[in-house]
Amino acid sequence: MKWRELSERQIRKAQAEGQLDNLRGAGKPLQSDGASSSADAVGFRIMAEAGALPQEISLKKECDAKRAELAALTDPAARKEAMAALATLEMRYAMAVEARRKYFGSD
């Protein structure tokens, strides 16, 4: 799957979930910020404004939050449970990164 197809899929998903309803500037032409005029840049900006994140980014945030939670725990049983949850999240994150690299050919 190409990057453009992934972007379009994410946009359609956000539309179906109503995440793109009543956005600031709705119905008005998109303004270029001058940095890039590619369709991908426009798609990324729309997704960012709608709060739609790629799974890889969401998983990275979850991993960071779980690490902070783990650092605050002192009970051995709770730490063990949090470490297992963190390991699962890190595995899912690594799989998402690998999928992006494999299918989109980018780092």
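Small disclaimer: the values here were computed from a predicted structure and weren't measured.

A.B. asks: Sorry, what's going on with the nonpolar core here?
C.D. replies: Side chains of a nonpolar character, in soluble globular proteins, are inclined to be buried together. Membership of the largest hydrophobic core is limited to seven residues, which are Leu-59, Cys-63, Leu-70, Ala-82, Leu-86, Leu-89 and Ala-96. The greatest single-element share of this core, amounting to four residues, is contributed by helix H4 (residues 76–104). Among all residues touching Leu-86, those that are not within four sequence positions of it are Cys-63, Lys-66, Arg-67 and Leu-70.

A.B. asks: Teacher, can you tell me more about helix H3 (residues 55–72) here?
C.D. replies: An α-helical segment advances 3.6 residues per turn. Residues three or four places apart therefore align on the same side. Taking 1.5 Å per residue, 18 residues should reach 26 Å; H3 reaches 26 Å between its end C-alpha atoms and fits that length. Where H3 is concerned, the buried positions are Glu-56, Leu-59, Cys-63, Lys-66 and Leu-70. Mapping the buried residues of H3 onto a view down its axis gives an arc of 85 degrees, with all of them on the same face. In H3, those exposed residues whose orientation departs by more than 90 degrees from the buried face are Lys-61, Ala-68, Ala-71 and Ala-72.

Conventions used here
Per chain, residue numbering runs from 1 following the sequence as it is written. In view of the model being predicted, local features appear only for residues whose pLDDT reaches at least 70, and side-chain atom pairs are presented and counted only at 80 or more, with totals across whole chains, interfaces and linings using the full set of residues. Side-chain numbers come from the whole structure's heavy atoms, not from hydrogens or water. In this text, buried Ala, Val, Leu, Ile, Met, Phe, Trp, Tyr and Cys residues form a nonpolar core when linked through side-chain atoms within 4.5 Å. Remark: exposure states derive from per-residue accessible area (1.4 Å probe, protein chains only) relative to the maximum for the residue type, with buried under 20%, exposed over 50%, and partly exposed in between. Helix and strand assignments follow DSSP, with helices taken as H or I runs no shorter than four residues and strands as E runs no shorter than two, numbered in order from the N terminus. Any two residues having at least one pair of non-hydrogen atoms within 4.5 Å are treated as being in contact. Here, expected helix span is obtained from the residue count minus one, scaled by 1.5 Å. For this quantity, the arc is that covered by the directions from the helix axis to the C-beta atoms.

Everything listed here is a matter of coordinates, which is why it stays silent on function.
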